Amino acid sequence: MNQIIVDWMYPRSLTTVFMRAITNRGDFHTIFEPCLPIYWRTRNEPGVQGHQDYEGWPVVYEEVIDKIYGMAEKEPLFIKECPYHAVDKYIADEAYMKRVTHMFQIRDPKYVILSFWKVIGSQRALKIEDIGPIASSMVFDRVTEMGLHALDGGKTPLVVDGEDFQNDPEGIMAAWCDAVGVEYKPESLNWKPEWRSEYDHFAGFYGDVSGSSGIEKNKEAFMYDEKVVNALFEDLPMLKLLYEHVLPFHEKLYPHRLKPKKL
């Protein structure tokens, strides 16, 4: 039975570029946010959601899981998913929780929020759930309760921090490969710029990764200027409130982040 790795992630946390590197390996079939079309229907906010469905992809949770299982019969899978797309369904699905290898990809929610704000252009269009840490924390607690973490017989979480990944992509990817038991392929970290079909559903989110040829440090440079960040939070108080609310959920996962491997 082939491996299924699920990257439970915050959006805007360098998860698409991480998946791009996994795709580039050639030994995993990658799946982009399989329950996102279900979430669009549930949220149903005219004027906010500009997404498109995935052609030929199911929009019922049980059918999505069956699709994943069928694909895993043929080859190993790497799935990136925002837990909030179907968090109640996921944490209640014991069979799926036991079948997959769990990892978590996180990022300081300050950067998540500012990156979101940059691409959507409004603080009012952001919901608490969009940021990610709350739903990721729910899945983390469920995986902990079931003793299903990826390392040390289910006891130790596998957590990748997006900031660590962009600061040392080689070291983090090598450590991740050791953790999940696959060969480290340094060539996977470089590619030709490409617009991929999984970006079609919401084109405004993927300009940076589609134009990239590898992992680029601090691509959104304004977020790393403390004076600019402080000014933005003063001018846009809803962003600051979001940050303060979700930070404790992020801090639960942060101490478990993977340390880079020395190469």
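Read on for a plain summary of the structure. All residue numbers here refer to positions counted from 1 along the written sequence of the relevant chain. In view of the model being predicted, local features appear only for residues whose pLDDT reaches at least 70, and side-chain atom pairs are presented and counted only at 80 or more, with totals across whole chains, interfaces and linings using the full set of residues. The side-chain figures draw on all heavy atoms in the structure; neither hydrogens nor water molecules are used.

**A few points about the nonpolar core**
Phase 1 of the analysis: The definition of a nonpolar core used throughout is a set of buried Ala, Val, Leu, Ile, Met, Phe, Trp, Tyr and Cys residues joined through side-chain atoms within 4.5 Å. A simple rule labels every residue: compare its accessible area, found with a 1.4 Å probe on the protein chains alone, to the largest value its type can have, and call it buried under 20%, exposed over 50%, or partly exposed in between. Formed by 80 residues in total, the largest nonpolar core has its most connected members in Tyr96 and Trp176.
Phase 2 of the analysis: Contacts are residue-level and defined by heavy atoms, with any inter-residue pair within 4.5 Å sufficient. Filtering out sequence-adjacent residues up to four positions away, Trp176 remains in contact with Ile5, Phe18, Ile22, Phe78, Met103, Leu158, Val160, Val182 and Leu258.

**Looking at the pairing of strand E1 (residues 4-9)**
Phase 1 of the analysis: Runs of E in the DSSP output that reach at least two residues are strands. Runs of H or I that reach at least four are helices, and both are numbered from the N terminus. Taking burial as the measure, the six residues of E1 include six buried ones, the bulk of the element.
Phase 2 of the analysis: A two-sided burial pattern is seen for E1, the buried positions comprising Ile4, Val6 and Trp8 on one face and Ile5, Asp7 and Met9 on the other.
Phase 3 of the analysis: Where E1 meets strand E4 (residues 101-106), five bridges bridge the pair, whose relative direction is parallel. The partner of Asp7 across the bridge, within E4, is Met103. Here a strand pair is declared whenever DSSP counts at least two bridges between the two strands.

**Considerations on the sheet that holds strand E5 (residues 159-161)**
Phase 1 of the analysis: Strand order across the open sheet formed by five strands is E2-E3-E1-E4-E5, with parallel pairing between neighbours. Each having just a single partner strand, strand E2 (29-32) and E5 make up the two edges of the open sheet. Looking at each pair of strands side by side, their axes are set apart by 20° on average, direction ignored.
Phase 2 of the analysis: Where E2 lies against strand E3 (residues 77-81), four bridges are found, and the strand directions are parallel. Bridged to Ile31 within E3 is Ile79. Here the axes come from fitting lines to C-alpha atoms, over the contacting stretch only for helices, and the angles between their N-to-C directions go from 0 to 180 degrees.

**Structural notes on the packing of helix H8 (residues 133-146) against helix H13 (residues 237-253)**
Phase 1 of the analysis: H13 packs onto H8 with a crossing angle of 35° between their chain directions and a minimal axis gap of 8 Å. The two elements H8 and H13 meet at a crossing, and its hand is left-handed. Judged by residue contacts, Pro133, Ile134, Ser136, Ser137, Phe140 and Asp141 of H8 engage His245, Val246, Phe249, His250, Lys252 and Leu253 from H13.
Phase 2 of the analysis: Here the contact of H8 with H13 is built from residues that sort into six nonpolar, four polar and two charged. Note on convention: the crossing is left-handed when the near helix lies turned anticlockwise from the far helix by less than a right angle, right-handed when the turn is clockwise. Throughout, the ten residues Ala, Val, Leu, Ile, Met, Phe, Trp, Tyr, Cys and Pro are labelled nonpolar, Asp, Glu, Lys and Arg are labelled charged, and all others, Gly among them, are labelled polar.

**Focus: unusual backbone geometry**
Phase 1 of the analysis: A positive phi angle, near 60°, is found at Arg12, a position not held by glycine.
Phase 2 of the analysis: Along the polypeptide, Arg12 turns up in the loop between E1 and helix H1 (15-25).
Phase 3 of the analysis: Owing to a relative accessible area of 16%, Arg12 belongs among the buried residues under this scheme.
Phase 4 of the analysis: At Leu14, a residue that is not glycine, the phi angle is positive and equals roughly 65°.
Phase 5 of the analysis: The residue Leu14 is located in the loop between E1 and H1 in this model.

**Regarding the pattern of salt bridges**
Any two side chains of opposite charge can pair, on the condition that their charged atoms come close.
Phase 1 of the analysis: For salt bridges, the criterion is a side-chain nitrogen of Lys or Arg within 4 Å of an Asp or Glu carboxyl oxygen. Counted according to the given criterion, the structure contains 12 salt bridges.
Phase 2 of the analysis: Ionic pairing is found between Glu62 and Lys89, a salt bridge with its closest N-O pair at 3.7 Å. In this pair, Glu62 is assigned in helix H3 (residues 61-72) and Lys89 in helix H4 (residues 87-92), connecting sequence segments 27 residues apart.
Phase 3 of the analysis: For Arg142, the salt bridge goes to Glu94, with nearest N and O atoms at 3.4 Å. Of this pair, Arg142 sits in helix H8 while Glu94 sits in helix H5 (residues 94-99), and the two are 48 residues apart along the sequence.

**Let's talk about the pairing of E3**
Phase 1 of the analysis: Across the five residues of E3, five count as buried, placing the element largely inside the fold.
Phase 2 of the analysis: With burial as the criterion, each face of E3 is covered, one bearing Leu77, Ile79 and Glu81 and the other bearing Phe78 and Lys80.
Phase 3 of the analysis: Relative to E3, E1 is paired through five bridges, and the arrangement is parallel. Bridge pairing in E3 places Val6 opposite Ile79.

**With respect to the packing of aromatic side chains**
Phase 1 of the analysis: Aromatic pairing here means that ring centres of Phe, Tyr or Trp (its six-membered ring) are within 6.5 Å. Orientation follows from the plane angle: under 30 degrees is stacked, over 60 is edge-to-face, and everything else is tilted. Applying the stated rule across the entire model yields 14 aromatic pairs.
Phase 2 of the analysis: Their ring planes at 85° and their centres at 5.7 Å tell us that Phe18 and Trp176 sit as a pair that is edge-to-face. With Phe18 in helix H1 and Trp176 in helix H10 (residues 169-180), this pair connects stretches of sequence that are 158 residues apart.
Phase 3 of the analysis: We classify Trp176 as buried; its relative accessible area is 0%.
Phase 4 of the analysis: Put simply, the rings of Trp8, Tyr61, Tyr69, Tyr90 and Tyr96 pair up and form one aromatic cluster.
Phase 5 of the analysis: In this structure, Arg257 packs its charged tip against the face of Tyr254, placed 3.9 Å from the ring centre. Criterion for a charge above a ring: Arg CZ or Lys NZ at most 6 Å from the ring centre, at most 35 degrees from the ring normal.

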